[in-house]
Amino acid sequence: MLIGVPKEIKNHEYRVGMVPGSVRELISHGHQVIVETNAGIGIGFSDEDYQAVGAEIRNTAEDVFAEADMIVKVKEPLAEERAKLREDQILFTYLHLAPDLPQTQDLIKSKAVCIAYETVTSNNGSLPLLAPMSEVAGRMSIQAGAQCLEKSRHGRGMLLGGVPGVAPAKVVIIGGGVVGSNAAQMAIGMGAQVVILDRSIDVLRRLDAQFGAQVQTVFSSKDALEQHVLSADLVIGGVLIPGAAAPKLVTADMIKNMKPGSAVVDVAIDQGGCFETSKATTHAEPTYLVDEVVHYCVANMPGAVPRTSTFALNNATLPFIISIANKGYKAALISDKHLMNGLNVHKGVVTNQSVAENLGFEFVNPADAIEA
Ligand SMILES: NC(=O)C1=CN([C@@H]2O[C@H](COP(=O)(O)OP(=O)(O)OC[C@H]3O[C@@H](n4cnc5c(N)ncnc54)[C@H](O)[C@@H]3O)[C@@H](O)[C@H]2O)C=CC1
Ligand SMILES: CC(=O)C(=O)O
Ligand SMILES: [Mg+2]
């Protein structure tokens with residue numbers, strides 16, 4: 001198979017779909033890889049590094065999209081990338097379609113085979129291609145939130161951990177999955193007072209076993225959520241209903257009633273966000289104010305630490321890339337129900353139930369779609 005790796009074009013996005021080590025593995029399986037010039041330059045991989053392991057370099061994204069059987073990326077394709085997709089071409093990347101009608105419409109129109117990292121599943125119920133980036137974003141959310149509390153960012157002027165004789169900040173984490181538990185680990189390390197809400201008792205049990213008395217675990221009822229959000233200095237949003245748009249758990253009214261200078265970090269923004277007042281921001285301009293509450297809503301947080309993130313992501317994606325390349329996408333999907341769950345759009349039809357329901361498209365079972 002001919003696999004193409006374009007350079008990412010989202011604002012301040014320096015991750016790349018494949019590192020040279022992964023390219024080497026694919027070539028050892030008998031495949032060809034073309035890489036857009038400077039695709040890895042932001043994390044220290046030159047064109048020569050890719051050529052040294054057998055890749056060919058192309059000067060433009062047009063060339064990569066025109067030639068490749070499968071495109072391997074990081075972020076969802078932007079409009080100008082979507083316009084380059086071809087019928088039957090395989091696209092393997094993050095998509096986050098549920099809150100994104102224009103992208104979904106374009107992918108349908110392209111008739112490409114679109115497999116999303118974030119809905120690939122595993123036997124233990126986790127999302128193996130989302131988890132590494134959620135680890136990064138969860139850890140970063142506390143760094144980002146700590147900066148938002150600084151006076152220069154219009155925050156309350158509080159140090160997360162306080163100092164002896166002065167109370168620490170109260171950090172409230174909504175969603176205790178991968179983002180939430182990694183955020184908790186960092187917040188505890190910085191000495192904050194930490195509360196985590198989740199609506200899964202099993203998740204709360206796991207957090208209790210992991211962190212003991214260092215966190216307060218809370219069942220996420222409307223009442224509890226309101227009580228803790230209103231008394232928080234920093235709120236981290238890390239909820240997920242796989243494939244679906246994030247529930248708007250924190251209303252605009254609740255934001256209005258938070259303390260002036262408090263901060264919210266909406267990690268779930270890539271699924272539309274869990275604060276009613278959230279709108280996606282970029283690393284160039286990460287924050288804005290609503291009712292004196294600092295909002296940080298960057299949809300590609302791991303892009304800020306692209307070297308760590310690229311390796312973490314590529315470690316997880318490589319086995320699936322090899323499987324698709326070796327078997328062809330149909331056999332790869334049929335042989336692995338977890339990879340099949342990644343199929344979101346197939347040659348003009350929507351094959352993810354949550355995406356179809358959220359956006360009002362007809363849902364076609366992925367197995368039926370690829371047999372058709
Ligand atoms: N902004 C960014 O750069 C990044 C964003 N993300 C996003 O972060 C979000 C969280 O991802 P993960 O932690 O990997 O998901 P996860 O599935 O590990 O955890 C989500 C948690 O939310 C909980 N939850 C669902 N509904 C809830 C509710 N009503 N109240 C309280 N808890 C609720 C679930 O029980 C689960 O424990 C996803 O939307 C993901 O796409 C992940 C990586 C980077
Ligand atoms: C998960 C995701 O959207 C990201 O890593 O940017
Ligand atoms: Mg994202």
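Refer to the preceding data block for the structure.
Counting restarts for each chain: residues are numbered from 1 in the order of the written sequence. Note on labels: chains are lettered from A, ligands numbered from 1, in written order. Given that this is a predicted model, residues contribute local features only at a pLDDT of at least 70 and side-chain atom pairs are listed and counted only at 80 or more, while totals for whole chains, interfaces and linings are drawn from all residues. Here the side-chain values reflect all heavy atoms present in the structure, with hydrogen atoms and water set aside.

## Points about helix α9 (residues 222-230)
Each turn of an α-helix holds 3.6 residues, which means side chains three or four residues apart point in the same direction. Those residues of α9 that sit buried are Ala224, Leu225, His228 and Val229. Projected onto a plane normal to the axis of α9, the buried residues spread over an arc of 120° and lie on a single side. Seen from the buried face of α9, the exposed residues on the opposite side, beyond 90 degrees, are Lys222, Asp223 and Gln227. Contacts are residue-level and defined by heavy atoms, with any inter-residue pair within 4.5 Å sufficient. Secondary structure elements are taken from DSSP: a helix is a run of H or I of four residues or more, a strand is a run of E of two residues or more, and numbering for both begins at the N terminus. Buried residues along α9 sit against β7 (170-174), β8 (193-198), β9 (215-219), β10 (234-237) and α10 (252-256). Residue exposure (1.4 Å probe, protein chains only): buried if accessible area is under 20% of the type maximum, exposed if over 50%, otherwise partly exposed. It is the directions from the helix axis to the C-beta atoms whose arc is reported.

## Focus on the site of ligand 1
Here, proximity means that at least one heavy atom of the residue falls within 4 Å of the molecule or strand. As a matter of local geometry, ligand 1 sits amid 27 residues, with Ser134, Val179, Asp198, Asp270 and Met301 nearest to it. Pairing of N or O atoms within 3.5 Å defines a polar contact, subject to two protein rules: one partner must be a possible hydrogen donor and the other a possible acceptor, and residues neighboring in sequence count only if both atoms are side-chain atoms. Between ligand 1 and the protein, one listed contact pairs a nitrogen atom with a side-chain N or O atom of Ser220 at 3.1 Å. Within the residue set of the shell around ligand 1, elements represented by two or more residues are α6 (131-148) and α7 (178-189). The class makeup of the residues in the shell around ligand 1 is 15 nonpolar, nine polar and three charged. We call Asp, Glu, Lys and Arg charged. Ala, Val, Leu, Ile, Met, Phe, Trp, Tyr, Cys and Pro are nonpolar, and the rest, Gly among them, are polar.

## Regarding empty space enclosed by the protein
With a 1 Å grid laid over protein atoms only, a set of points is called a cavity when a 1.4 Å probe fits there but cannot get out and a pocket when it is open yet has protein on both sides within 12 Å along at least five of seven lines; lining residues have an atom within 4 Å of a point. Grid points are joined across faces, edges and corners, and a volume is the space filled by probe spheres set on the points. For the structure shown, the criterion picks out one cavity of 30 Å³ or more. Estimated volume of the largest cavity: approximately 40 Å³.

## Points about unusual backbone geometry
Apart from glycine, the bulk of residues carry a negative phi angle, and the bulk of peptide bonds sit in the trans form. Of note, His154 is a non-glycine position whose phi angle comes to about 75°, a positive value. With respect to the secondary-structure elements, His154 resides in the loop between α6 and β7. Residue His154 is classed as exposed on the basis of its relative accessible area of 52%. Even without glycine at this site, Glu292 takes up a positive phi of about 65°. In this fold, Glu292 is placed in the loop between β12 (287-290) and β13 (293-296).

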